[in-house]
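Each chain, written out:
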Amino acid sequence: MARGLILTTQARATTTSFTTRLSVSKPKCKNPLPYRLHLPSRVSSTRFFCCKCSVSQDPIVITEYKQSFSQRMAMAGLKPHHRIAIGVSGGPDSMALCFLTAGWKTDGANAVGKSDDGFINGILGVIVDHGLREESNEEAHIVSSRVTEMGIRCEIAKCSWLDGKPKQGHLLEEAREKRYEVFQNVCTKHQIEVLLIAHHADDQAELFILRLSRNSGVLGLAGMAFTSQMFSKSTHLYREGSKNKGILIVRPLLHFSKEILYKICQESGQDWVEDPTNQNTVYARNRIRMSLGNLSSYTFQSELQGVISACRRTRAYVDQICNNLINQAVTIIDHGYAIIDLEILNPSKVTDICLSKFVALILQYVSQRNRPIRGSTSKLLLHYIRTVPCKTSFTAAGCYLCPAPRSRGTKILVCCSVDCPLNSKMELIYPFLNGEQKHYFRNELEQIIADGKSYSNHFVPDASDVHFLDASESVISEAKTLNIISESTYRDILLLKREEIKHFKHKVEDKVDYKSKNKVESIIASPSELLQPGKACYFMNRFWITWKLSNHVSVGEGTENCVADLGGESQECHSCSCRIGHDKVAEVRRMSESDWLYLAKLSKCPSLDNLQQQKVLSSSTMEQISEKRSLHLENLELSAQKALEVLKSIPVAARRSLPVLVNHQGLLLSIPSIGFKHCPCLMVSCEFKPIVPLGGGHSSFM
C-alpha cells in the first residue's frame, strides 16, 4: 500500500508554500484539507501531505462515536481484555480506528491498563511496508510514531516479493493478498486471534458498484462481512494437534462514512496521510470513488446504503439456510469426501440461490479451493443436484460428483477430481524454531465467535423480510420496484454501472503475465519435494502426514530382525522386506489403480520369486528365508487383506484422492489412511485436517 508522508508540527511551522486541494467528499473545517506541500527536489512531488485541522475537541461528538464503536465491538463478541491487532495504513480510516480502539480499551468499567513501557495492554498496530516505493520505509516509520503516540505498540512488517514485484495491472490485488498474508503471520507470531480492519461505508458503496458492473448477484453485492474468519495458507503455521481456527477479521467501521472518519481524526487531533495510489484512475475502485463523489447528495447515499443493507439481510438469510442444509443433509468422511443425501435435502423445495450457495460450499470444502462458481457451471450444477434420482457423473470446480454406491441415486458422492493438478499439491511443514508457538493460541477465539453468533442470530431475518431471492430480475430493478431506491437513484446507479463496464471492456489484459502465473501454479501442484523421516507434509490441503522409522518392534508382531543403516547409525529394522532405501526419503502421491492391484497380490500369499522380481528382497535375504515362508510375509499378507477390506467400503472415485507413500523408485511404502504399511518398522500418521472448514468458517453480514 502506497503512503504519503505525514506533515509534522515542526514542518508546518517552517513551511511557507502550500497548495490547497479541496474535495467535495471531505468535511468542511477551518483549515482546508488535504494539502500538497512543495518540498526540495529530493522529495517526490507525488507524495501527499496531510495535516489535522486546528479545531478544539468536541467531547459530545467524540463520546457518541465511541459509544457507537463500542456497540459494534460487542456485536462482534469482543471485550476490552481480548488481544487484538489493527491493520494500519496511516490514512484517516485506520487512524480513526486506532483512536477509537484505544479509547474502547482504556475507557469504561472493563478498561485495561498499560504496561510498564506505557503501551495499552493487548493491542498491536501492524503496518505493512509493501516496499513498492523508495520512500515507503520512511513513511511506515512516521506512521508508526503517530500510532505510538496513542499508546499503541506498533510493528512494521516488510513484504518480501520472492517472485518479483507485481506489475501495474495486478498491483492492487496482489498487494492486498500480500498484505493479508503478512497480517496473518504477524498475528500468529504474537498469538493474536482478532484483526481489526478499517473498511467503512464508502468502501462498501464502491464495492457494490464494482461488483454490479461485473454482473455479481445479491450475495456478492452484500459486500464485505462485518466479521469473517481468515485461514492461513502458510501451513507451517498450522501445527500437528492444533485446530486451524484462523484469524477473526472484524470491520467495526462499516456503518461509519468516510466523512465521519475525517471528522473523528480532526476532533481527536490525529494526523493522517493520503495514499497517492488512490488518485490513479487506472484502478477501478478509484474511478468509482471519484464518480460516487460527484453524487454526494444525502438521498443518493442513504438509498444506496439501503440497497446494500437489503442485500446483506438476504445474504444472512441464505447463509442460515445453507448451514441448516449442511447440518441435515451432508456427511463428511475422514477419507476426504462428502455424501449429500438428496432425500433429506429435497432440492425441489430449495430456492435456486440457496441451493447454488449450498453446492458451492460443499465443493469448496472438498477441493479446498476458495474460488466462486459462476455462470454456466453454476447452472449445470443446479440442474445436476435437482435431478433425483442421480444417475450420471459431473466434474466441476476441482471435484467429481457421482451417485453414491448402493444409494440408487438418492445420494451424491463429492470427492476430489484426479484431473485437477492442484489437487496433488504437497507442501512440506517446517518445525517451529527454538520452541516457538509452544502454546499456539489461548483458545479465546471460539468464545468470541460464539458470542458474536449469539448476537447476530437475533438479527437473521425470515423469508418474509428478505428481498432479491428471485434471480429473474436484477437487484437494482427490484429495489426500485420495492421503493428501496427512487427513480433518480436508480438512474444514477445504472449510469455508474455503464461507465465502469465501458472502462472494463476497454481494459487491455496482460495475457503473457496471466499465462505465466498459471504455469507457475501448475508446477507447484506436482510434488517435487521429498519427505524425510520425522518431518511432516500437508497434502492436497487436507491430509497432514508424518512418518518415521521405529527403533524397536517386538518379534511377537511377526518379524525377523535385521540391521539396516539409517542415517549413518546402525539401528534395528525389523522387516527384511522394508523398502526404505539408504536415502531414507518418501514421496507422497495420490492412490492409483496399480496400488489396488499390488495389495490384491500381497493378500494372496505372494511367492518369494515374485517379491524378488519386484526388487523387494535382496539375494542375501532370499537365502535366509528360502526354506520357509517368513513371518514378516505373513504380517504383510494380513496388512494387505485388512487394507483391501477398508478400501472396499470407500467408493472407487474417492480412493483416487487417498494419499500414499512411495520410495524414490515409486514402490509402495504405505497407504496411511487405511492402515497399510509395507513393514512394521514404518510408523506413518495421516490425519484429515482441511484448512478451511465446511461452510467457509464464521461470517456475519449484519
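To start, this report covers the structure provided alongside it. Note that the structure is a prediction, hence the values are computed from the model and not measured. (Residues numbered from 1 in each chain as written. Predicted model: local features only at pLDDT ≥ 70, side-chain atom pairs only at ≥ 80, totals over all residues. Heavy atoms only, no water.)

Here we take up the pattern of salt bridges. For the structure shown, the criterion picks out 21 salt bridges. Taking the shortest distance from any N to any O, the salt bridge between Glu 500 and Arg 287 comes out at 2.8 Å. Taken together, the residues Glu 500 in helix H16 (residues 487-505) and Arg 287 in helix H9 (residues 284-293) connect sequence positions 213 residues apart. A relative accessible area of 3% means that Glu 500 is categorised as buried. Here Asp 352 and Arg 386 are joined by a salt bridge, their closest N and O atoms 2.5 Å apart. Of the two residues, Asp 352 is situated in helix H12 (residues 352-367) and Arg 386 in helix H13 (residues 375-386); the sequence distance between them amounts to 34 residues. (Salt bridge = Lys/Arg side-chain N within 4 Å of Asp/Glu carboxyl O. Helix = DSSP H or I, 4+ residues; strand = E, 2+ residues; numbered from the N terminus. Buried < 20%, exposed > 50% of the residue type's maximum accessible area, 1.4 Å probe, protein only.)

Applying the stated rule across the entire model yields 2 cavities of 30 Å³ or more. In this structure, the second largest cavity occupies an estimated 30 Å³ of space. Forming the walls of the second largest cavity are Ile 332, Gly 336, Tyr 337, Tyr 365, Val 366, Arg 542 and Phe 688. Taken together, the residues of the lining of the second largest cavity sort by class into 5 nonpolar, 1 polar and 1 charged. (1 Å grid on protein atoms, 1.4 Å probe; cavity = no way out; pocket = protein on both sides within 12 Å on 5 of 7 lines; lining within 4 Å. Points joined across faces, edges and corners; volume = space filled by probe spheres on them. Nonpolar A, V, L, I, M, F, W, Y, C, P; charged D, E, K, R; others polar.)

Strand order in the open sheet made by the 4 strands is S14-S15-S16-S23, with antiparallel pairing throughout. Among the strands making up the open sheet, the edge pair consists of strand S14 (426-429) and strand S23 (682-688). Each adjacent strand pair in this sheet contributes to an overall mean axis angle of 25°, direction not counted. One ladder, built from 4 bridges, connects S14 with strand S15 (residues 536-539); its direction is antiparallel. Looking at the pairing, Glu 427 lines up with Tyr 538 of S15. (Pairing = 2+ DSSP bridges. Axes fitted to C-alpha atoms, helices over the stretch in contact; angles between N-to-C directions.)

On to the side chain of Gln 368. Mapped onto the elements, Gln 368 comes out in the loop between H12 and H13. Take Gln 368: its relative accessible area is 11%, and that puts it in the buried class. At a separation of 2.9 Å, a polar atom in the side chain of Gln 368 contacts the main-chain carbonyl oxygen of Tyr 365. A polar contact of 2.9 Å, which involves the side chain of Gln 368, links it to the backbone nitrogen of Val 692. Beyond its immediate sequence surroundings of up to four residues, Gln 368 is in contact with Leu 363, Asn 541, Arg 542, Pro 690, Ile 691 and Val 692. (Polar contact = N/O pair within 3.5 Å; in protein donor to acceptor, adjacent residues only side chain to side chain. Contact = heavy atoms within 4.5 Å.)

Once that is clear, we can look at the environment of Leu 530. Looking at the element boundaries, Leu 530 is found in the loop between helix H17 (511-525) and S15. A residue is classified by how much of its surface remains accessible, and Leu 530, at 35% relative accessible area, is partly exposed. Sequence separation of Leu 530 and Asn 663 is 133 residues, and the distance between their C-alpha atoms is 9.2 Å. Aside from chain neighbours lying at most four places away, what touches Leu 530 is Leu 428, Val 585, Ala 586 and Glu 587.

This next bit is on the packing of helix H6 (residues 201-213) against H16. Geometry of a packed helix pair, given as the angle between the helix axes and the separation of the axes. Orientation of H6 relative to H16, taken along the N-to-C sense of each, is 60°, at an axis distance of 9 Å. In this structure, H6 meets H16 at a crossing whose hand is right-handed. Along the contact surface, H6 presents Phe 208, Ile 209, Leu 212 and Ser 213, while H16 presents Ile 493, Leu 496, Lys 497, Glu 500 and Ile 501. Grouping the constituent residues of the contact of H6 with H16 by class yields 6 nonpolar, 1 polar and 2 charged. (Left-handed = near helix turned anticlockwise from the far one by under 90°.)

With that settled, the discussion passes to the pairing of strand S20 (residues 659-662). Of the two faces of S20, the one lined by Pro 659 and Leu 661 and the one lined by Val 660 and Val 662 are each fully buried. Here strand S19 (residues 587-590) pairs with S20 via 4 bridges, running antiparallel. Each residue of the ladder has a partner; that of Glu 587, found in S20, is Val 662. Where S20 hands over to strand S21 (residues 668-671), the hairpin turn is made up of 5 residues, of which Gly 666 adopts a positive phi near 85°.

Another point: the sheet that holds strand S9 (residues 330-333). Within a sheet, adjacent strands bond to each other through the backbone by hydrogen bonds, running parallel or antiparallel. Spatial strand order, S9-S10-S13-S12-S11: 5 strands in an open sheet with antiparallel pairing. Pairing within the sheet leaves two strands with one partner each, and these edge strands are S9 and strand S11 (394-396). Ignoring strand direction, the axes of neighbouring strands in this sheet form an average angle of 20°. Two strands pair when backbone bridges link them, and S9 and strand S10 (residues 337-341) are joined in this way by 4 bridges, in the antiparallel orientation. Along S10, the bridge assignment pairs Val 330 with Ile 340. Here helix H10 (residues 298-329) sits on the sheet in contact with S9 and S10, set at roughly 60° to S9. Against the sheet, H13 makes contact with S10, S11, strand S12 (399-403) and strand S13 (411-416), and its axis sits at roughly 145° relative to S11, the strand it touches most.

These results come straight from atomic positions and should not be treated as a statement about function.
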